[in-house]
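Now for the letters of each chain:
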Amino acid sequence: MASTASVTAKTAKPRLWTKGFILDTLVNFLIYIIYYMLMVIIASEAIHSLNASMSEAGLASGIFILGTLVARLFAGRSVELYGRKKMLFAGIIFYLVTTFMYFGIHSMAMLFVVRCLNGIGYGIASTATSTIVSTMIPAERRGEGINYYALSMSLAAAIGPFIGMLMQQMFPFNDIVYFCIGMIVVCLGAAAVMHVDEMELTAEHRAALKEIHIANFLEPKVWAISVVAFCVAVCYSSVLSFLASYAAELQLMTAGTLFFVVYALAITIARPIAGVMFDRKGEDFVMYPTYACLAIGLLLLSITTQSWMMLVAGVFVGLGYGTFMSNGQAICVKLVKEVRIGVAVSTYFIALDLGLGVGPYMLGAFKESLGFQGIYFAVGVAAVGCAALYYILYARRRKTQADEEAELEKAMEEELENSEEFA
C-alpha cells in the first residue's frame, strides 16, 4: 500500500490552480478590463467633452501605449531587482492614482499626460502579473498554465469594450472612472493576500541587473520569438484598427460587433487544449497551426460579403493570434533562467505592443491604394510569412543548437569511455 501511494504521488501532476495563481489571474483580468474599457470610450469622450479633433482623439487613445512601452522597458529588470510583489503594488497604486487624475482633466494637453501616465501604471502592473504567474506555474505544465492565465486577457478584450460602451450610454464619464477605481481597489486587496515567491538574488545577479546595458532591458535570448511576435501583432492590428470601418462599409455592423465575442469564445475553447499540447508535443506542434489559422482568418476577411463569413473569420483569427500570444510567452519563459523571466516577458510584450501600435500607421498608408480588402489580403499573406520567419529565426536555430549539444555530449561520453579503457 505504501509503495502504491508513493508511485501515485510521483506520477500525479503538480498542482496548477493554487490560490496565488487564481488571484494573480484575477488581478490581471481586472487590469485589462480597465484598459479596454477606457480605450474604447476615451476618444469619443475627448470629442464630446473637450471638443477634440479626430486626430487628437486618436492620439489620446493611442498615447496610452507609449506609456506602456516605457514602463515595460524598465519594469522587466525592476521586478526581479526590487521584488515581484513590491513592483505589483507599485504598478497597481500608480494605476490607481493616475485613474483618479481623470477627474481633473480640463484640456487635451492634460488628457495626453494622464493617458500616458495611466499607461505606465498599466505597464508596470501587467508586467508584474505576467512575471509572477510565470514563476507560479510548474515547469511540466507551463504551456497549459500560461494558456489558462492568458484567457484573462482575451476575455477582458471581449468584455471590457462591451462594458465600456454600455456604461457610456447609461452613465456619465465620472461614474465610469469610479467603477474603474473600484476594480483597482479589488486588485490591491487581491495583491495584499497573494503569496509571491521572490527570487533570491546573489550579489553577482543583483550587480548584473543594476548594470545599465541593453541586455538588462531587452532579453537577447527571446529576440527571435519577439521579432515574430512583432510581425504577428502588425497583422492582427488590421483587425483592431479597421474592422469597425470595414464592417460599416460592408453593411455588416451586427457581425462586426459580434466578431470579438466569437473571437473570445474560440480562444476560451482553444487555449487550454493548446497549452496541454505545448507541454506534451512541444512548441512547434502548436505554433505552426496558429500562423495557418491567422492567415485563413485574415484572407477570409478580404473576401467577406456576408455576416457568417465575418464570424467564421473571427473564429480563425482567435485561434491564430489568441493562441500565438500565450504560447509565445510560454516559449520566452522556457528560454531563460528564472532570474531573467521578468526581462524576457517584458521584452516579448514590448514587441507585441509595438506591433499593435505601429501596425495601424503602417497599414493605413495603403488604405487609398489597396482598400480594406487589399489590406486584409496582404496581412493574410504576411501571416504565412510569419511561419517562415518563425522557422528561420527560431525553430531552425533551436534544432541546430540541440544537435550541437547532442554531438558535444556524445563526444564527451566517448572521451570518458576512452579514458576508462586506457585506465
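Our structure's up above, just so we're on the same page.
In this text the structure is predicted, and so the values were computed from the model without any measurement.

Draft legend 1. Molecular detail of the packing of aromatic side chains. Following the criterion strictly, the structure yields 23 aromatic pairs and no others. An angle of 35 degrees between the planes, with centres 5.2 Å apart, marks the rings of Tyr 246 and Tyr 376 as tilted. Pair noted here: Tyr 246 is in helix H9 (residues 223–249) and Tyr 376 is in helix H14 (residues 367–422), with a separation of 130 residues, a long-range link. Its relative accessible area of 0% is what places Tyr 376 among the buried residues. Ring geometry for Tyr 291 against Tyr 390: centres 5.6 Å apart, planes inclined by 50 degrees, an arrangement best described as tilted. With Tyr 291 in helix H11 (residues 283–302) and Tyr 390 in helix H14, this pair connects stretches of sequence that are 99 residues apart.

Draft legend 2. Fine view of helix H12 (residues 307–335). Here H12 spans 42 Å end to end across 29 residues, near enough to the 42 Å set by a 1.5 Å rise per residue. Along H12, the helix axis deviates most sharply at Phe 324, where the bend reaches about 25 degrees.

Draft legend 3. Spotlight on the packing of H12 against helix H13 (residues 341–364). One way to put it is that H12 packs onto H13 with a least axis distance of 8 Å and a crossing angle of 150 degrees. As far as their axial angle goes, H13 and H12 are roughly antiparallel. H13 is crossed by H12, and the crossing has right-handed handedness. Here Tyr 321, Phe 324, Met 325, Gly 328, Gln 329, Cys 332 and Val 333 of H12 lie close against H13, whose contacting residues are Ile 341, Ala 344, Val 345, Tyr 348, Phe 349, Leu 352 and Leu 356. Each residue belonging to the contact of H12 with H13 can be placed in one class, and the counts come to twelve nonpolar, two polar and no charged.

Draft legend 4. Just the nonpolar core, in detail. Formed by 125 residues in total, the largest nonpolar core has its most connected members in Leu 298 and Tyr 376. Looking at which element gives the most residues to this core, the answer is helix H2 (residues 19–50), with 15 residues. Setting aside its immediate chain neighbours within four residues, Tyr 376 contacts Ser 238, Val 239, Phe 242, Leu 243, Tyr 246, Leu 298, Leu 299, Leu 301 and Ser 302.

Draft legend 5. Helix H5 (residues 108–136), seen in detail. Compared with an ideal rise of 1.5 Å per residue, which puts 29 residues at 42 Å, H5 spans 42 Å between its outermost C-alpha atoms and is within 8% of the ideal. When you tally the buried positions in H5, you get 23 out of 29 residues, the bulk of the element.

Draft legend 6. Main features of the packing of H5 against H13. With their axes 9 Å apart at the nearest point, H5 and H13 run at an angle of 130 degrees to one another. As summarised for this structure, H5 and H13 are arranged oblique, according to the angle between their axes. For the crossing formed where H5 meets H13, the hand is right-handed. Residues Thr 127, Ser 130, Thr 131, Ser 134 and Thr 135 of H5 pack against Ile 341, Gly 342, Val 345, Ser 346 and Phe 349 of H13.

Draft legend 7. Quick peek at the side chain of Arg 271. Along the chain, Arg 271 turns up in helix H10 (residues 253–281). Although Arg 271 is buried, it makes no salt bridge; Asp 353 carries the closest opposite charge, 12 Å away. Not counting the four nearest positions on each side in its chain, Arg 271 is found in contact with Asn 147, Ala 150, Leu 151, Ser 154, Gly 322, Thr 323, Met 325 and Ser 326.

Draft legend 8. Spotlight on a nonpolar patch on the surface. There is a patch of nonpolar side chains on the surface, built from Leu 66, Val 70, Leu 73 and Phe 74 and spanning about 330 Å² of accessible area. Counting through the fold element by element, Phe 74 comes out in helix H3 (residues 54–82).

Definitions and limits used
Residues numbered from 1 in each chain as written. Predicted model: local features only at pLDDT ≥ 70, side-chain atom pairs only at ≥ 80, totals over all residues. Heavy atoms only, no water. Phe/Tyr/Trp six-rings, centres within 6.5 Å; stacked < 30°, edge-to-face > 60°. Helix = DSSP H or I, 4+ residues; strand = E, 2+ residues; numbered from the N terminus. Buried < 20%, exposed > 50% of the residue type's maximum accessible area, 1.4 Å probe, protein only. Expected span 1.5 Å × (residues − 1). Bend = angle between axes of the 7 residues up to and from the residue. Axes fitted to C-alpha atoms, helices over the stretch in contact; angles between N-to-C directions. Parallel < 35°, antiparallel > 145°, perpendicular 65-115°, else oblique. Left-handed = near helix turned anticlockwise from the far one by under 90°. Contact = heavy atoms within 4.5 Å. Nonpolar A, V, L, I, M, F, W, Y, C, P; charged D, E, K, R; others polar. Core = buried A, V, L, I, M, F, W, Y, C linked by side-chain atoms within 4.5 Å. Lys, Arg positive; Asp, Glu negative; His and termini not counted. Salt bridge = Lys/Arg side-chain N within 4 Å of Asp/Glu carboxyl O. Patch = residues over 30% accessible without salt bridge, like charges linked within 9 Å, V, L, I, M, F, W, Y side chains within 5 Å. Areas by Shrake-Rupley, 256 points an atom, 1.4 Å probe, with all protein chains shown as cover.

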